Amino acid sequence: KLAHFPTVKELAGFDFEAQPSIDPKQIRDLAASRWIANGENVLLLGPPGVGKTHLSIALGREAILAGYTVQFTTATTLVAGLAKAHGERRLDEKLLALAKPKLLIIDELGYLPLEPDAAHLFFQLVSRRYETGAMLITSNRSVAEWGTVFADPVVATAILDRLLHHSHVLTIRGDSYRLRAKRKSGLIK
Ligand code: ADP
Ligand code: MG
């Protein structure tokens, strides 16, 4: 039950040599899932195609193997669900449900800027899970840009304050892995 991974990805299938900005030891450490037991957070930041979703699914899979409940969602789906619940006066129920999985993975935060109302709903979720449930968030935006993502620097600061308190921030650099094969074959530069 739960999870909802969009595809199957494993750590074994991740090519660390292709991604020198990631420390394999740090990923292996996170794969042991202690951070989940401790209710800590992981932020995977970086441009498109560098393996953020791959690693988030792979770490989620390790968490399940370690016996934790995991829910995978995208920021867009999550915020739409919160807004809908809010409109139907069952936000508390929704927040309670989202607080249940031991690990909540939120993929692709920042691709679309959030409306102020949505940012505030996101803040409520982060507050609810703070120090009790682990979160893994992927974003194409650096933490410094989250004020723009949340349309409100005050809300962004409050969210980051809680998220970063007990956290592991991994910033991935480099070119898209998706374009690598094409580049190698000379299809693109
Ligand atoms: P992001 O979420 O950062 O945009 P993805 O995780 O979706 O990137 O990666 C894009 C594609 O490239 C996926 O199919 C993923 O499995 C693959 N990929 C990315 N980085 C690596 C890597 N270092 N080793 C193996 N596959 C990779
Ligand atoms: Mg992705």
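Just so you know, these numbers come straight off a predicted model, no measurement behind them.

Enquirer: Can you explain the packing of helix H4 (residues 75–87) against helix H5 (residues 91–99)? Please cite residues and give values.
Expert: Relative to each other, H4 and H5 sit at 145 degrees, their axes nearing to 7 Å. On H5, the residues touching Leu78, Gly81, Leu82, Ala85 and His86 of H4 are Leu91, Lys94, Leu95 and Leu98. When the residues that make up the contact of H4 with H5 are grouped by side-chain class, the tally is six nonpolar, two polar and one charged.

Enquirer: An account of the site of ligand 1 is needed here, citing residue identities and associated values.
Expert: Among the 14 residues in the neighbourhood of ligand 1, the closest are listed as Asp15, Gly49, Lys52, Thr53 and His54. Between Gly51 and ligand 1, the recorded distance is 3.1 Å, taken from a backbone N or O atom to an oxygen atom. Here an oxygen atom of ligand 1 sits 2.8 Å away from a polar atom, N or O, in the side chain of Thr53. Notes on ligand 1: free accessible area 560 Å², of which the protein chains cover 86%.

Enquirer: Outline the packing of aromatic side chains, listing residues and values.
Expert: This model, assessed by the stated rule, comprises four aromatic pairs. The interplanar angle of 40 degrees and the centroid separation of 5.4 Å between the aromatic rings of Phe122 and Phe150 together place this pair among those described as tilted. Linking Phe122 in helix H6 (residues 116–129) with Phe150 in the loop between helix H7 (146–149) and helix H8 (153–165), this pair joins segments that are 28 residues apart in sequence. Pair check on accessibility: Phe122 and Phe150 agree, each one buried.

Enquirer: So what's going on with the nonpolar core? Residues and values would help.
Expert: Counting residues in each nonpolar core, the largest one holds 30 residues, and the members touching the most others are Ile106, Leu109, Phe122, Ile137, Trp146 and Phe150. Sorting the residues of this core by element identifies strand S1 (41–45), H4, H5, strand S3 (103–109), H6, strand S4 (134–139), H7 and H8 as the ones contributing at least two each. Ranked by residue count, the leading element in this core is H6, at seven residues. Aside from chain neighbours lying at most four places away, what touches Phe122 is Leu78, Val79, Leu82, Ile106, Leu109, Ile137, Phe150 and Ile159. Grouped together as the second largest cluster of nonpolar side chains are 24 residues, Val42, Ile57, Ala63 and Val70 included.

Reading the values: rules and limits
- Residues numbered from 1 in each chain as written.
- Chains lettered and ligands numbered in written order.
- Predicted model: local features only at pLDDT ≥ 70, side-chain atom pairs only at ≥ 80, totals over all residues.
- Heavy atoms only, no water.
- Axes fitted to C-alpha atoms, helices over the stretch in contact; angles between N-to-C directions.
- Helix = DSSP H or I, 4+ residues; strand = E, 2+ residues; numbered from the N terminus.
- Contact = heavy atoms within 4.5 Å.
- Nonpolar A, V, L, I, M, F, W, Y, C, P; charged D, E, K, R; others polar.
- Near = heavy atom within 4 Å.
- Polar contact = N/O pair within 3.5 Å; in protein donor to acceptor, adjacent residues only side chain to side chain.
- Areas by Shrake-Rupley, 256 points an atom, 1.4 Å probe, with all protein chains shown as cover.
- Phe/Tyr/Trp six-rings, centres within 6.5 Å; stacked < 30°, edge-to-face > 60°.
- Buried < 20%, exposed > 50% of the residue type's maximum accessible area, 1.4 Å probe, protein only.
- Core = buried A, V, L, I, M, F, W, Y, C linked by side-chain atoms within 4.5 Å.

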